[in-house]
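Examination of the molecular architecture
Chain by chain, the residues:
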Amino acid sequence: MNSPAKYLPRFLCAGALIIALAVMVNFVVDPLQLFRPARLFAAMYSQDSRMQDAGLIRSQQFDTVFMGTSLAIHYRQSDIDRHLGVRSLKLALSGSNSKEQKFVLEAALERHPRRILWQMDDWIFRDAPDVDADIYVPVDLYRRNARGIAGYLFSGSMARESLWIALRSIPPLQSLVARLTTGVIFKFPVANVDDINALHPRFDVAGFYNAKSTLAAFRRITDPVRSRYLAQGYDYDAMIRHFERDAVGLIEKNPDVQFDIYFPPYSILQFVAMRDASPPTLKIAYDFSAYAAPRLLHFPNVRLYDFREAKEITHDLGNYADVIHHSPAIDLKVLSMLAEGKYRLDRPSPTASLDRLKAQVEAYRVEELR
């Protein structure tokens, strides 16, 4: 038999062997630590939170979950633990909406944490596709169903990561492989779980967070050409619907879990931008807060903090990179205020902080900055 067909069995056998090797190395190394915490090889972590969180939920020991958006992504778990006396797991997702956050929190709640620390704002309750239609959320990895496990084990790209992690665990190669692991080619460049999405010690904080950047962002979003973007996602009825389903629904289902929810300290310019360039958006933001705060405080297992009125932070434009993203120093300040119970809302007067914020926004004069 001289036809090419005689080589087909060999080809199929070779292919099957390669696939089997890939499955084996993925199972043994387990880059995401879906099956077990890292023991045979040094743990490595990805900056891709939507993927990495599926493994963190399974591999880490924690009693507190920290959820939020890009405003929470740079926090260090060690800082949370030190300030609040907990053992935390950061699951914050940049640009996330309430559907994503609820989905990830539900997976984490299967490990029975006693506390959820939740950075919440109105924008996360915007309209968004279901998580099953969200290409950035590997839902089957969180569900640990057959499709998720099979996709993980049979993944060629994951096998490449596995081999890289295995090589990094060989002492003579550790230094060389670590220098080559920049995060550009390989998805698991972080050796310490505390460093996931935290700013590098050499990051130019002062060059990134300063009043010049904040004012530039304010001018950009209030420019008539761009100001319509301020209203994106602000549909009051949709926001209330998503809030009830994703936040209230989750709290109702977990009465034994303590929910510490805080509204982050946006710079005052975020609200002033709405005031000057998109008043209907500001009204929706206010109306949503007036609805959400009393609703959340209806539950005895919720403590609510409103840092939007923290004038000592929000009026210092040097604390920000734009009109909402604050510096790592404010991360620590927020944790300190949470520990002290500062800006915690009273149940009998849930909208008092909103009234004070409205007064601040109304009184603020942008002309003095020019």
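Relevant structure appears above.
Residues numbered from 1 in each chain as written. Predicted model: local features only at pLDDT ≥ 70, side-chain atom pairs only at ≥ 80, totals over all residues. Heavy atoms only, no water.

A word on the pattern of salt bridges
Our working definition: Salt bridges are defined as contacts in which a side-chain nitrogen from Lys or Arg sits within 4 Å of a carboxyl oxygen from Asp or Glu. Under the scheme used here, helices are H or I runs from DSSP no shorter than 4 residues and strands are E runs no shorter than 2 residues, and both carry numbers assigned from the N terminus. Residue burial is assigned from relative accessible area. The probe radius is 1.4 Å, only protein chains are included, and a residue is buried under 20% of its type maximum, exposed over 50%, and partly exposed in between.
One pass over the full model with this rule turns up 20 salt bridges. With its nearest N and O atoms 3.5 Å apart, the salt bridge here joins R76 to D194. A residue pair is termed long-range when its members are at least 10 positions apart, and R76 in the loop between β1 (64–67) and α3 (77–84) and D194 in the loop between α8 (171–180) and α9 (205–208) qualify at 118 residues. We classify D194 as buried; its relative accessible area is 15%. One connected set of salt bridges, linked through shared partners, spans R76, D194 and D195.

Thoughts on the sheet that holds strand β2 (residues 88–90)
Which entries qualify depends on this criterion: A pair of strands is treated as paired once DSSP finds two or more bridges between them. Axes here mean lines fitted to C-alpha atoms, for a helix over just the part in contact, with angles spanning 0 to 180 degrees between N-to-C directions. Only heavy atoms enter the contact rule, under which two residues are in contact if any of them lie within 4.5 Å.
Spatial ordering of the open sheet is given by β2-β1-β3-β4-β5, a layout of five strands whose pairing is parallel. A single partner strand is all that each edge strand has here, and the edge strands are β2 and β5 (302–306). For this sheet the average axis-to-axis angle between neighbouring strands, irrespective of direction, equals 15°. Contacts from helix α4 (residues 98–109) reach β1 and β3 (115–119) within the one sheet, and its direction differs from that of β1 by about 170°.

What about helix α12 (residues 268–277)?
Across the ten residues that make up α12, a large majority, seven, are buried. The complete set of buried residues in α12 reads I268, L269, Q270, F271, V272, A273 and M274.

Overview of the side chain of D331
Filter applied, for reference: When charges are tallied, Lys and Arg are placed among the positive residues and Asp and Glu among the negative ones, while His and the ends of the chain are skipped.
Take D331: it is sitting in helix α15 (residues 328–340). Among buried Asp, Glu, Lys and Arg side chains, D331 stands out as unpaired, with K90 the closest opposite charge at 8.0 Å. Setting aside its immediate chain neighbours within four residues, D331 contacts L71, H74, Y75 and H326.

Side note on the packing of α12 against helix α13 (residues 279–297)
The cut-off we apply is this: Throughout this description, any angle smaller than 35 degrees is read as roughly parallel, any larger than 145 degrees as roughly antiparallel, any in the 65 to 115 degree range as roughly perpendicular, and the remainder as oblique. Note on residue categories: nonpolar means Ala, Val, Leu, Ile, Met, Phe, Trp, Tyr, Cys or Pro, charged means Asp, Glu, Lys or Arg, and polar means any other residue, Gly included.
At their nearest, the axes of α12 and α13 sit 6 Å apart, and the two run at 130° to each other. With respect to α13, the axis of α12 lies oblique. On α13, the residues that touch F271, M274, R275 and A277 of α12 are P279, T281, L282 and A285. Taken together, the residues that form the contact of α12 with α13 break down as six nonpolar, one polar and one charged.

What to know about the layout of surface pockets
So the rule is basically this: We place a 1 Å grid over just the protein atoms. Points where a 1.4 Å probe fits but has no way out form a cavity, open points with protein on both sides within 12 Å along at least 5 of 7 lines form a pocket, and any residue with an atom within 4 Å of a point lines it. Grid points are joined across faces, edges and corners, and a volume is the space filled by probe spheres set on the points.
In this model, the largest pocket occupies a volume close to 520 Å³. Residue lining of the largest pocket: 21 residues in total, with W123, Y229, L230, Q270 and I324 positioned closest to the centre. For the lining of the largest pocket, the elements supplying multiple residues, two or more each, are α10 (211–222) and α12. With three residues, the top contributor of residues to the lining of the largest pocket is α10.

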